[in-house]
4 protein chains.
Amino acid sequence: MRKIVIGVMGAGEQATDEEKDNARQLGQLIALQGWVLLTGGRNVGVMDAASKGAKAANGLTIGILPTAHYESVSEAVDIAIATDIGNARNNINVLSSDVVIACGMGLGTASEIALALKNQKSVILLTSDRISQTFFSHLSPQQVFIANNPDDAIALTKEILAKSV
Amino acid sequence: MRKIVIGVMGAGEQATDEEKDNARQLGQLIALQGWVLLTGGRNVGVMDAASKGAKAANGLTIGILPTAHYESVSEAVDIAIATDIGNARNNINVLSSDVVIACGMGLGTASEIALALKNQKSVILLTSDRISQTFFSHLSPQQVFIANNPDDAIALTKEILAKSV
Amino acid sequence: MRKIVIGVMGAGEQATDEEKDNARQLGQLIALQGWVLLTGGRNVGVMDAASKGAKAANGLTIGILPTAHYESVSEAVDIAIATDIGNARNNINVLSSDVVIACGMGLGTASEIALALKNQKSVILLTSDRISQTFFSHLSPQQVFIANNPDDAIALTKEILAKSV
Amino acid sequence: MRKIVIGVMGAGEQATDEEKDNARQLGQLIALQGWVLLTGGRNVGVMDAASKGAKAANGLTIGILPTAHYESVSEAVDIAIATDIGNARNNINVLSSDVVIACGMGLGTASEIALALKNQKSVILLTSDRISQTFFSHLSPQQVFIANNPDDAIALTKEILAKSV
């Protein structure tokens, strides 16, 4: 039976230390809940940190790579999906996640949030950036949730999953 | 030799009358410049209005459909590309445009702007919505331009094209 | 109103002189009929030759590129669609064509024929290779047509289009 | 660290009883080797049978769905990837598999074999159909292997994996 998959999206090379620390914690907490972690799969930034956090807690990690090959895959990814569709894979990231958590903000992350909301997915914003919070809450008031820290994000994820059953 | 293609992105069913009026004017002005118009191809909203505007000025119109079939294509689209990749086609819309003009705002449009900027494309926002202007200018200060009306958008497009030669 | 689009598929770097000569003739004949030519868009092999043939007869040419950029586009392509989805763009090639003509054979071409037939498109094989003829006719007896030369392929295309109206 | 993924491709609704029986055995044998099974994910035909075989041996199963939603997912799929890219997902199926096993033949399967070979993947044909064997061996002599039964296919998979290390 299909397992619950939680997507953690965020910057690659541009991720800040705080975002990577949050991502690591998110990955760990997701694994501890028995959920599968899904990320963009590359060996940098939020994707890499979240995957490492999940593996530290013996979780299962899926990486949806933009490329045709595995060269850039995080060592903490168990299952690599090689899409070769570039940034169009952002739509697959969010469609394949029961809940999407955006850890920080950036152009790729913004596209994932917009695509997730377009596909009626709930999105949790783990960012203190007010401009981003305002923009997405304005676009989709019912589906956007603001988290102050990783624990908060997990609590919100549980609530969203409970409602969707 | 490859023709210059200008993408006009905007809402479908949710487009306002003002957005559709702007789109129609944009389509017409794009055609008058001798540029090709590219849209999401469907027979509603900004896509449909822009395509009709371009045809009124004898322009060439390309529609990048999300579906495998042509049922929902605008009657003003000359060349329909049936992608069958759903919202992932938003990435193709922006990659295939020399300049992207966002006419209004919505979830699909927001994803297209983010993907365009991620791909180093210049984006012109034709919207009076300050929240959207602030969000995207903040994410990508160098590549986002604000237009107050269709004529303004065309003038900005010319400037961007002149610089990219 | 949507124009009729005829797709010509075939090898890139591996195309033989005979295949390129056939492709050039096909492009020319397609343009003379007033149809739009669609190819994989790159500046090699069948794609390039067919596009050049069509331009020689003042036709309109569409190229569906596998890449995000235009570096490898044929100089004879008018409208380049930059998909950035690699070989997955083969499905777009065939979905966007009213009739698909395979000029020669190869791995990419074989995938396009199979995808076209899967999508209930008619496919004309312009190849003397009996193994390929047998394989595809066996898989899809109703939709596969064998042409002996470019003129033959155009006659078959007309028949298929007449039936599909 | 990335786990080894073996893709089993084959017909959906059109699969024969023999093909489904072979698929079930393949799934079981793949799981017993400790490999992850990847299929097209739907609840019919070869995909469904292979996934059920793998789960019977406590394996891990990935399903790459053509749709945006999970309605048609096999109950034996652990991780569903919702691509919403239709048959273009066939390219992802093969790119994400270390070895591809074609169990039977059909239009979708033929496209997957061609795309796998195009991407330099080795493909094992588990089919007694001589026409298919001849066609693909002819197109790609080095990468096509013929198996007479599921055990044979697993032995060939081991050899291919051993060479690719």
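In the block above lies the structure referred to throughout.
Criteria and cut-off values
Residues numbered from 1 in each chain as written. Chains lettered and ligands numbered in written order. Predicted model: local features only at pLDDT ≥ 70, side-chain atom pairs only at ≥ 80, totals over all residues. Heavy atoms only, no water. Axes fitted to C-alpha atoms, helices over the stretch in contact; angles between N-to-C directions. Helix = DSSP H or I, 4+ residues; strand = E, 2+ residues; numbered from the N terminus. Left-handed = near helix turned anticlockwise from the far one by under 90°. Contact = heavy atoms within 4.5 Å. Nonpolar A, V, L, I, M, F, W, Y, C, P; charged D, E, K, R; others polar. Least-squares fit on C-alpha atoms with pLDDT ≥ 70 in both. Buried area = accessible area lost by both parts, 1.4 Å probe. Salt bridge = Lys/Arg side-chain N within 4 Å of Asp/Glu carboxyl O. Polar contact = N/O pair within 3.5 Å; in protein donor to acceptor, adjacent residues only side chain to side chain. Phe/Tyr/Trp six-rings, centres within 6.5 Å; stacked < 30°, edge-to-face > 60°. Buried < 20%, exposed > 50% of the residue type's maximum accessible area, 1.4 Å probe, protein only. Lys NZ or Arg CZ within 6 Å of the ring centre and 35° of its normal.

K.L.:
Where do I start with the packing of helix α1 (residues 17-32) of chain D against helix α2 (residues 45-56) of chain D in this structure?
P.N.:
In helix packing, the relevant descriptors are the interaxial angle and the interaxial distance, both defined with respect to the helix axes. Residues and elements named next belong to chain D. Between α1 and α2, the least distance of the axes is 6 Å, while the angle of their chain directions is 35°. Here α1 and α2 pass one another in a crossing that is right-handed. Residue-level contacts link E19, K20, A23, R24, G27, Q28 and A31 of α1 to G45, V46, A49, A50, G53 and A54 of α2. A breakdown of the residues in the contact of α1 with α2 according to their chemical character gives six nonpolar, four polar and three charged.

K.L.:
What is the right way to read the relation of the copies chain D and chain A from this model?
P.N.:
One chain copy maps onto the other through a rotation about an axis and a shift parallel to that axis. Of the transformation superimposing chain D on chain A, the axial component is 0.0 Å and the angular component is 180°, with the fit at an RMSD of 0.0 Å. In the structure described here, the two chain copies are related by an operation that fits a two-fold rotation axis. Among all residues of chain D, the one whose C-alpha sits closest to the rotation axis is I81(D), at a distance of 4.5 Å. In this assembly the copies share their binding face: 100% of the residues contributing to the interface of chain D also contribute to that of chain A.

K.L.:
Sorry if this is basic, but what is going on with the interface of chain A and chain C here?
P.N.:
The parts lose accessible area when they come together, and the size of an interface is often stated as this lost area. Each side of the interface is counted separately: chain A has four residues, and chain C has four residues. Both faces combined, the contact of chain A with chain C buries some 250 Å², and carbon together with sulfur accounts for 48% of it. Summed over the shared surface of chain A and chain C, the number is zero salt bridges. Along the contact surface separating chain A from chain C lie zero residue pairs in polar contact (both at pLDDT 80 or more).

K.L.:
Sorry if this is basic, but what is going on with the relation of the copies chain A and chain C here?
P.N.:
For the pair chain A and chain C, the best superposition has an RMSD of 0.0 Å and corresponds to a rotation of 180° with a translation of 0.0 Å parallel to the axis. Comparing contact sets, 100% of the residues at the interface of chain A also lie at the interface in chain C, consistent with an isologous, same-surface contact.

K.L.:
What exactly am I supposed to notice about the packing of aromatic side chains here?
P.N.:
For any pair of aromatic rings, the description consists of the separation of the ring centres together with the inter-plane angle of the planes. All chains considered together, the criterion is met by ten aromatic pairs over all chains. On the numbers, 5.2 Å between centres and 75° between planes, the contact of F136(A) with F135(B) is edge-to-face. With F136(A) in helix α5 (residues 130-139) and F135(B) in helix α5 (residues 130-139), the pair connects residues from two separate chains. Taking the relative accessible area as the measure of exposure, F136(A) reaches 0% and is therefore buried. Feature note: the residues F135(A), F136(A), F135(B) and F136(B) constitute an aromatic cluster, connected by ring pairs. A cation sits over an aromatic face here: R2(C) above Y70(B), 3.6 Å from the ring centre.

K.L.:
Is there a simple way to explain the pattern of salt bridges in this structure?
P.N.:
In a structure, side chains of opposite charge can pair up when their charged atoms sit close to one another. For the structure shown, the criterion picks out 20 salt bridges over all chains. The residue K52(B) makes a salt bridge to D48(B) at a minimum N-O spacing of 2.8 Å. Pair noted here: K52(B) and D48(B) are both in helix α2 (residues 45-56), with a separation of four residues, about one helical turn. Accessibility expressed as a relative area gives 38% for K52(B), which makes it partly exposed. Judged by its relative accessible area of 10%, D48(B) falls in the buried class. In this structure, K55(D) and D78(D) form a salt bridge, with 2.8 Å as the shortest nitrogen-oxygen distance. Of this pair, K55(D) sits in helix α2 while D78(D) sits in the loop between β3 (61-65) and β4 (79-82), placing them 23 residues apart in sequence.

Everything listed here is a matter of geometry and, on its own, says nothing about what the molecule does.
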